[in-house]
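Structural description and commentary
Listed below are the residues making up each chain.
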Amino acid sequence: MPKQKVAPKWYPTEDPPKGKALTKTLKKDAKPKLRGSITPGTVLILLAGRFKGKRVVFLKQLESGLLLVTGPFKVNGVPLRRVNQAYVIATSTKIDVTDVDTSGISDVPDKKTKRHFFSKVVPETKEEGEGEFVSQEAKKPGLTEERKAMQAKVDAAVITAVEKTSMMKDYLKSRFSLEKGQYPHLMKF
């Protein structure tokens, strides 16, 4: 009679790894791929945040993968902003932004100051004892002079491009909204 196989007294809790372990390697400098419908000068509709529903002009993709957009500020109140491409709808409307200089705008921190273009300036605090509690309301972070100057420079170039097309200024001023029975996935932008 053949010997019977005896069941082991101990079973492992996990299966041993088979072959080479699957590990995901990430590239440090890889930025997200830009959607095909988004090119410099494309009018985008913001879907979230403070400026939800506003139409903005796309200028370039930053090093972090975020999109650099502007209203322009003088037209619809949207300043130079960084936006994730998941929160925009690209329209078929385009503006010529080849004359716009955005070379000084970056969201990578400077090695010396550890600040980048979008950092806010915090005013210096003064130690005064009891007066410290009263003056805390006035200590809000502000914009740098560099950022204000860049906003004016970029807006001037974008506004000249906007004025070349009739009704474009009014189009950028108008908000996007949906009515009852309108479905964005069925619309052509």
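So, a few notes on the structure that sits alongside this text. From a predicted model like this one, the values you see are computed outputs, not experimental measurements.

Here we come to the overall build of the chain. When helices and strands are counted, the chain shows four helices and five strands. Counting every position in the chain, which comprises 189 residues, the buried fraction comes to 30%. Taking the intrachain contacts of the chain between residues at least 6 apart in sequence as the baseline, contacts between residues at least 24 apart amount to 61%. Accessible surface, the chain as shown: approximately 14,400 Å² in total, 56% of it carbon and sulfur.

This part covers the layout of surface pockets. Counted as a void, the largest pocket has a volume near 400 Å³. Pro 79, Leu 80, Leu 143, Arg 147 and Gln 151 are the residues nearest the centre of the largest pocket, which is lined by 14 residues in total. For the lining of the largest pocket, the secondary structure elements donating two or more residues are strand S4 (81-83) and helix H3 (145-163). Considering each element in turn, the lining of the largest pocket owes the most residues, four residues, to H3. Among the residues making up the lining of the largest pocket, the classes are represented as seven nonpolar, one polar and six charged.

On to the pattern of salt bridges. Two side chains of opposite charge can pair, provided their charged atoms sit close to one another. Here the structure, examined in full by the defined rule, presents three salt bridges. Put simply, Lys 148 and Glu 145 hold a salt bridge, and the shortest N to O gap is 3.8 Å. Of this pair, Lys 148 and Glu 145 both sit in helix H3, separated by three residues, roughly a single helical turn. Among the residues examined, Glu 145 registers a relative accessible area of 60% and is labelled exposed. For Glu 163, the salt bridge identified is with Lys 169, shortest N-O distance 4.0 Å.

Counting residues in each nonpolar core, the largest one holds 22 residues, and the members touching the most others are Leu 59, Leu 80, Ile 95, Ile 105, Val 154 and Leu 172. Those elements that place two or more of their residues in this core are strand S2 (55-61), H3 and helix H4 (168-173). The biggest single contributor to this core is H3, with seven residues. When neighbours within four sequence positions are excluded, Leu 59 is seen to be in contact with Pro 40, Leu 68, Thr 70, Leu 80, Val 97, Val 100, Thr 102, Val 154 and Val 158.

Read across the sheet, five strands follow the order S4-S3-S2-S1-S5 without closing on themselves; strand pairing throughout is antiparallel. For this open sheet the edge positions go to S4 and strand S5 (88-94), each flanked by a neighbour on one side alone. Across the sheet, the axes of successive neighbouring strands diverge by a mean angle of 45°, strand direction being ignored. Across the sheet, H3 lies against S2 and strand S3 (67-70), angled at about 75° from S3, the strand it touches most.

Bringing the side chain of Thr 102 into the picture now. Within the secondary structure, Thr 102 sits in the loop between S5 and helix H2 (131-134). When its relative accessible area of 12% is taken as the criterion, Thr 102 is described as buried. Ignoring anything within four residues of it in the chain, the contact list for Thr 102 reads Leu 59, Lys 60 and Leu 68.

It is worth spelling out unusual backbone geometry at this point. Excluding glycine, residues mostly have negative phi values, and the peptide bonds linking residues are mostly trans. Gly 71 connects to Pro 72 through a cis peptide bond whose omega is -5°. Positive phi, close to 70°, is recorded for Met 167, a residue that is not glycine.

A regular strand places its side chains so that they alternate between the two faces of the sheet. Counting buried positions along strand S1 (residues 42-46) gives five out of five residues, so the element sits mostly inside the fold. Every second residue of S1 is oriented toward a common face, with Thr 42, Leu 44 and Leu 46 on one face and Val 43 and Ile 45 on the other, all of them buried. Of the strand pairs in this sheet, S1 and S5 are connected by four bridges, and their pairing is antiparallel. When the sheet's bridge partners are listed, Ile 45 is paired in S5 with Ile 89.

Scoring rules and cut-offs
Residues numbered from 1 in each chain as written. Predicted model: local features only at pLDDT ≥ 70, side-chain atom pairs only at ≥ 80, totals over all residues. Heavy atoms only, no water. Helix = DSSP H or I, 4+ residues; strand = E, 2+ residues; numbered from the N terminus. Buried < 20%, exposed > 50% of the residue type's maximum accessible area, 1.4 Å probe, protein only. Contact = heavy atoms within 4.5 Å. Areas by Shrake-Rupley, 256 points an atom, 1.4 Å probe, with all protein chains shown as cover. 1 Å grid on protein atoms, 1.4 Å probe; cavity = no way out; pocket = protein on both sides within 12 Å on 5 of 7 lines; lining within 4 Å. Points joined across faces, edges and corners; volume = space filled by probe spheres on them. Nonpolar A, V, L, I, M, F, W, Y, C, P; charged D, E, K, R; others polar. Salt bridge = Lys/Arg side-chain N within 4 Å of Asp/Glu carboxyl O. Core = buried A, V, L, I, M, F, W, Y, C linked by side-chain atoms within 4.5 Å. Pairing = 2+ DSSP bridges. Axes fitted to C-alpha atoms, helices over the stretch in contact; angles between N-to-C directions.

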